[in-house]
Amino acid sequence: LITIKKALSELISRGMLYSRVGKGTFVAEAPNKIDFSKHLTIAYILKDLDNPFYQSIVKSVERNLSKNNCNLMLFSSDSKKDREERKIKDFVNMGVSGLIIGSMSHIHYTTSLIKQLRRELFPFVMVSHTEDPDICFIGTDQIEGGFMATEHLIKCGYSKIGYINGEKGNMVGNARKHGYTKAMEKHGLVVQEKFTLRMKVHRNRSDFQSGFELGKEFINLSEKPEAIFVYNDLTALGLMRSLKENGVRVPEDLALVGFDDIHQGEISAVPLTTIHQPADRIGNLVVKKLIKKISGDNSISRHLLKPELVIRESCGTHN
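Student: Please explain the overall build of the chain as it appears in this structure.
Tutor: Secondary structure assignment for the chain yields 10 helices and 14 strands. Expressed as a percentage of its 319 residues, the buried residues of the chain come to 49%. Summing over all exposed atoms, the chain offers an accessible surface of approximately 16400 Å²; the carbon and sulfur share of this is 50%.

This is the structure:
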C-alpha cells in the first residue's frame, strides 16, 4: 500500500495524474502546446543558480534575447539528471524554438536524449563543458586558463606549486589541471602529487564548504606548497577562510589563484587573483548561434574563448 501511494504521488508530481479530495485520482489530459508563434521562445536548462559565474551567463543570455525580441524560459534541475532530462522533453513538447543546455554536469556524458536532439536537428547549444565534437558548444578554453593561472604563480617566483582539483571525474577540473601541468613542465618544474588536493562533494554540493574543509587538510600536510592554483573561486574563498582561522596568512604563507572571476573574490578580505571567463561574450555568442540554428543552420561549431588573468593581492610577490 505504501509503495502504491508513493507511485501515485510521483505520477501526480509529474502532472500525469491529478487528485480531487473525496472524489479520487484521475488521468490528466496531455498538455496542449503553447503558441509561441509571435516571438521566439528559448528555454534555458541549468543545474542551479548558486554558482555566480553561471548567474552571469544567464543575465547575458536574457539581455541578448531581449534585444532580439525573444522570450526566455528558465528551469533549474536542482542537480538531478532525471529532472533535467524530463524538463528538456517537456520544453520540446511545449514547442519552444530552441534550447540552451547548461546542466553544469562535470562528468563527461552525452545522454541518449542529447543525441536524439542532434539527430532530429532540434536547435540547441551547450554552455556546460563538453568534449563531444558532435555537440555545438560555446565556452572558455579551460586548459589555457589553467596554464595562465599557474604561469603567473611561476613568474611571481614560486616553484612549489600545488593544485586543488574538482571532485573525481570532474572534466572541467581535469582540463584546468592539464593547463597547470603544461605550465609547470614548460618552466622545468616538477608536479608533485602530494601538493595536489581534490574537492570532496557531499550530498548538497557547496564549493565554498569544500574549500573550507580542504583548509583543514592543508594544515595537516607534512610538507606544504608555497602557492596553490585552486579549481574555482568559490573553493578558493572557502580555503582562504579556513586558512585564516588556522593562522595561515594569504599571500605571506600561501599564495592563491582562483578561476571564474566572481564578484565575491574581488571584495574578499584578501582580493583574489583569478582567471576571468567572458560570460558576457558567451551569452552573446550563444544567442546568435541559436537564432541561426533556429533559422536552419545545422552546422556544428565549438567556440573556445580566451580567458584573461586578473591580478589582485592573493599572490603577492616572492623573492
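Student: Can you walk me through the packing of aromatic side chains in this structure?
Tutor: What describes a pair of aromatic rings is the distance from one ring centre to the other and the angle between the planes of the rings. Across all of its chains, the model carries four aromatic pairs by this definition. Residues Phe 53 and Tyr 54 carry aromatic rings whose centres are separated by 5.0 Å and whose planes lie at 75° to one another, so their mutual orientation is edge-to-face. Phe 53 sits in the buried class, given a relative accessible area of 6%. Relative accessible area serves as the criterion here: at 13%, Tyr 54 is assigned to the buried category. Consider the rings of Tyr 163 and Tyr 180, whose centres lie 5.5 Å apart with planes at 25°: the pair is stacked. Of the two residues, Tyr 163 is situated in strand S8 (residues 161-165) and Tyr 180 in helix H6 (residues 171-186); the sequence distance between them amounts to 17 residues.

Student: For this particular structure, what's the right way to read the environment of Asn 64?
Tutor: Along the chain, Asn 64 turns up in helix H2 (residues 52-67). Residues Asn 64 and Asp 280, spaced 216 residues apart in sequence, show a C-alpha to C-alpha distance of 9.3 Å. Residues contacting Asn 64, with those up to four places away along its chain left out, are Asp 280, Gly 283, Asn 284 and Val 287.

Student: Can you walk me through helix H4 (residues 112-119) in this structure?
Tutor: Since the α-helix packs 3.6 residues into each turn, any two residues three or four apart lie on the same face. Of the positions making up H4, those classed as buried are Leu 113, Ile 114 and Leu 117. The arc that holds every buried residue of H4, seen down its axis, measures 100°, which confines them to one face. With respect to the buried face of H4, the exposed residues turned more than 90 degrees away are Ser 112 and Arg 119. Residues of H4 that are buried make contact with helix H3 (81-94), strand S5 (98-102) and strand S6 (124-126). Of the residues flanking the end of H4, it is Leu 121, one or two places downstream, whose phi is positive at about 60°.

Student: Before we go on, may I ask you to explain the environment of Ala 236 in this structure?
Tutor: Along the chain, Ala 236 turns up in helix H8 (residues 233-245). For the pair Ala 236 and Gly 215, spaced 21 residues apart in sequence, the C-alpha to C-alpha distance is 9.5 Å. With residues up to four places along the chain from it excluded, the contact list for Ala 236 reads Val 230, Leu 256, Gly 258 and Leu 272.

Student: Help me understand the side chain of Arg 312, please; the structure alone is not making it clear to me.
Tutor: Mapped onto the fold, Arg 312 is located in the segment after strand S14 (308-310). Residue Arg 312 is classed as buried on the basis of its relative accessible area of 19%. Side-chain polar atoms of Arg 312 contact the side chain of Asp 261, separated by 2.9 Å. Discounting chain neighbours no more than four positions away, the residues touching Arg 312 are Asp 261, Gly 265, Glu 266, Pro 271, Leu 272, Thr 273 and Thr 274.

Student: Is there a simple way to think about unusual backbone geometry in this case?
Tutor: With the exception of glycine, the majority of residues adopt a negative phi angle, and the majority of peptide bonds are in the trans configuration. The peptide bond linking Val 250 to Pro 251 adopts the cis configuration, its omega dihedral lying at 5°. Even without being glycine, Asp 260 reaches a positive phi, approximately 130°. Mapped onto the fold, Asp 260 is located in the loop between strand S11 (255-257) and helix H9 (263-266).

Student: Looking at this structure, I do not really get the state of the cysteines. What am I missing?
Tutor: Each disulfide consists of a covalent bond between the sulfur atoms of two cysteine residues. As enumerated under the stated definition, the model contains zero disulfides in all. Sulfur of Cys 315: no disulfide; nearest cysteine sulfur belongs to Cys 156 and is 5.1 Å away.

Student: Help me understand the sheet that holds S8, please; the structure alone is not making it clear to me.
Tutor: Two strands in a sheet stick together by hydrogen bonds in their backbones, pointing the same way (parallel) or opposite ways (antiparallel). The strand order across the open sheet built from four strands is S9-S8-S10-S11, with neighbouring strands paired in parallel fashion. At either end of the open sheet lies a strand with only one pairing partner, and these are strand S9 (196-198) and S11. The mean angle between the axes of side-by-side strands here comes to 20°, regardless of whether they run parallel or antiparallel. In this sheet, strand S10 (residues 227-230) lies alongside S8 in parallel orientation, the contact comprising four bridges. Residue pairing across strands places Tyr 163 opposite Phe 229, the latter belonging to S10. Running over the sheet, helix H5 (residues 142-155) touches S8, S10 and S11 and is turned about 165° from S10. Its contacts with the sheet put H6 on S8, S9 and S10, and the angle it makes with S8 is roughly 170°.

Rules used throughout
- Residues numbered from 1 in each chain as written.
- Predicted model: local features only at pLDDT ≥ 70, side-chain atom pairs only at ≥ 80, totals over all residues.
- Heavy atoms only, no water.
- Helix = DSSP H or I, 4+ residues; strand = E, 2+ residues; numbered from the N terminus.
- Buried < 20%, exposed > 50% of the residue type's maximum accessible area, 1.4 Å probe, protein only.
- Areas by Shrake-Rupley, 256 points an atom, 1.4 Å probe, with all protein chains shown as cover.
- Phe/Tyr/Trp six-rings, centres within 6.5 Å; stacked < 30°, edge-to-face > 60°.
- Contact = heavy atoms within 4.5 Å.
- Arc of directions from axis to C-beta.
- Polar contact = N/O pair within 3.5 Å; in protein donor to acceptor, adjacent residues only side chain to side chain.
- Disulfide = S-S within 2.5 Å.
- Pairing = 2+ DSSP bridges.
- Axes fitted to C-alpha atoms, helices over the stretch in contact; angles between N-to-C directions.

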